[in-house]
Amino acid sequence: MSSLSINNNSLFSAARSSASEAIGSSSSSTSASSSSSGALASLSNNYNTFLSLLTTQLQHQDPSNPMNTDSFTTELAQFSGVEQQVSTNKNLMTLINTVQEQEMTSGTALIGKTVSAATSQLPLQGGKADVSFNADQAGKVGIVVTDSRGNAVKSSVIDAQKGDNNWSWDGSMDSGGTARDGLYNIGIVEQGASGNEKLSPVLHGVVSGIGNTPNGLAVKIGEASIGIGDIQTI
């Protein structure tokens, strides 16, 4: 086997790993949001449980030996603190929802426009996907497109120039045939002096919609959901 083939295999392996990391990153963000919602629900349950226990304690106390005043005052203070915390969290969520609605209204102006966004998501729209990347030096760059399960769909090695480079995918697959429109992930790796180095892909696509996600306002580019903060140019 030639040294070029060995280098290509190394690039493909590194690029595939880079593309697969995007899947895990998206799952982690969703889990973090679910954890936040669960925390508020848990706090509300604790509030109701505390109230129930305090009421039961008052109903069943010994009339000849009532609850110590200091203990009762302390428990009332704790009850008040929990109640205030629940109320504050609910009001904060209402405020966040209001701001998101306002952002969504202004964000609708992006629909139909071509934007550039820093993301490893690669939506295939109408049998086409365009990305760009910045190479630290001229040389071989490995590019791998994976599906939602991390399986490699398309692999390519190109001779990149130092600086900005563009790459387009027409949906053709390594196994033959054409991939269906949908959401894929991309990994780009260059051969550096100290080994393979990951490069940051920039997606170029048309905004088809906008909506709120657990991580904030996002635009839809095909099947990809891109955070507003990741958009670089319009």
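Residues numbered from 1 in each chain as written. Predicted model: local features only at pLDDT ≥ 70, side-chain atom pairs only at ≥ 80, totals over all residues. Heavy atoms only, no water.

Participant: Quick question: what am I supposed to make of the overall build of the protein chain here?
Facilitator: A count of helices and strands for the protein chain gives two helices and 13 strands. Buried positions account for 32% of the 234 residues belonging to the protein chain. A total accessible area of about 13,400 Å² is found for the protein chain, and carbon and sulfur atoms account for 49% of it. (Helix = DSSP H or I, 4+ residues; strand = E, 2+ residues; numbered from the N terminus. Buried < 20%, exposed > 50% of the residue type's maximum accessible area, 1.4 Å probe, protein only. Areas by Shrake-Rupley, 256 points an atom, 1.4 Å probe, with all protein chains shown as cover.)

Participant: Looking at this structure, how should I read the pattern of salt bridges?
Facilitator: Side chains that carry opposite charge are capable of pairing whenever their charged atoms lie near each other. Scanning the model with the defined rule gives two salt bridges in all. Close ionic contact of Lys128 with Asp130 constitutes a salt bridge, the shortest N to O distance being 3.9 Å. The class of Lys128 is partly exposed, set by a relative accessible area of 47%. Ionic pairing is found between Lys140 and Asp159, a salt bridge with its closest N-O pair at 2.9 Å. Here Asp159 lies in strand 5 (residues 152-160) and Lys140 lies in strand 4 (residues 139-146), a separation of 19 residues in the sequence. Accessibility expressed as a relative area gives 61% for Asp159, which makes it exposed. (Salt bridge = Lys/Arg side-chain N within 4 Å of Asp/Glu carboxyl O.)

Participant: Mind showing me how you'd approach the sheet that holds strand 10 (residues 209-213) here?
Facilitator: The strands making up a sheet associate through hydrogen bonds between their backbones, and the pairing can be parallel or antiparallel. Taking strand neighbours across the sheet as the criterion, the three strands line up as 10-11-12 in an open arrangement whose pairing is antiparallel. At either end of the open sheet lies a strand with only one pairing partner, and these are strand 10 and strand 12 (224-227). Recorded for the sheet is a direction-independent mean angle of 40° between the axes of neighbouring strands. As judged from the four bridges shared by strand 11 (residues 216-221) and strand 12, these two strands associate in the antiparallel manner. Across the sheet, the residue bridging to Val219 is Ile226, located in strand 12. (Pairing = 2+ DSSP bridges. Axes fitted to C-alpha atoms, helices over the stretch in contact; angles between N-to-C directions.)

Participant: For this particular structure, what's the right way to read the side chain of Thr146?
Facilitator: Examined against the element boundaries, Thr146 turns out to sit in strand 4. Excluding residues within four positions of it along the chain, Thr146 makes contact with Arg16, Ala19, Asn151, Ala152, Val153, Tyr184 and Asn185. (Contact = heavy atoms within 4.5 Å.)

Participant: Looking at this model, I keep getting lost on the environment of Ile158. Mind explaining?
Facilitator: Tracing the chain through its elements places Ile158 in strand 5. Taking relative accessible area as the criterion, Ile158 reaches 19% and is therefore assigned buried. Separated by 16 residues in the primary sequence, Ile158 and Gly142 place their C-alpha atoms 6.7 Å from one another. Apart from the residues within four sequence positions on either side, Ile158 is in contact with Phe133, Gly139, Lys140, Val141, Ile143 and Trp167.

Participant: Honestly, the environment of Tyr184 in this entry has me stumped. Any pointers?
Facilitator: In this fold, Tyr184 is placed in strand 7 (residues 182-192). Its relative accessible area of 11% is what places Tyr184 among the buried residues. For Tyr184 and Val153, which are 31 residues apart along the polypeptide, the C-alpha to C-alpha distance reads 8.9 Å. Dropping the residues within four chain positions of it, Tyr184 is found in contact with Ser120, Gln121, Leu122, Leu124, Val145, Thr146, Asp147, Val153, Trp169 and Ala179.

Participant: Any chance you could explain the nonpolar core here in plain terms?
Facilitator: Side chains of nonpolar character tend, in soluble globular proteins, to be buried together. Leu122, Phe133 and Trp169 are the most contacted members of the largest nonpolar core, which has 31 residues in total. Here the element with the most residues in this core is strand 3 (residues 129-135); it accounts for four residues. What Trp169 contacts, discounting residues up to four positions off in sequence, is Leu122, Leu124, Gly127, Lys128, Ala129, Val145, Val153, Lys154, Ala179 and Tyr184. (Core = buried A, V, L, I, M, F, W, Y, C linked by side-chain atoms within 4.5 Å.)

Participant: Which parts of the structure should I look at to understand the sheet that holds strand 13 (residues 231-233)?
Facilitator: Pairing within the open sheet is antiparallel, and its five strands lie in the order 6-3-9-1-13. With one partner strand each, in any of the chains shown, strand 6 (163-169) and strand 13 form the two edges of the open sheet. Looking at each pair of strands side by side, their axes are set apart by 30° on average, direction ignored.

Participant: What is the right way to look at the confidence of the model for the protein chain in this model?
Facilitator: Detailed reading of the predicted coordinates is not advisable wherever pLDDT is low. Model confidence for the protein chain is summarised by a mean pLDDT of 77, while 69% of its residues fall at 70 or above. Of all the helices and strands in the protein chain, helix 1 (residues 3-59) carries the lowest mean pLDDT, 61, while strand 6 carries the highest, 96. Every residue in residues 1-6 is under pLDDT 50, and counting partners more than four places away or in other chains gives three contacts. Contacts of residues 27-34 to residues separated by more than four positions or lying in other chains number two contacts, the stretch itself having pLDDT below 50. (pLDDT = per-residue confidence, 0-100.)

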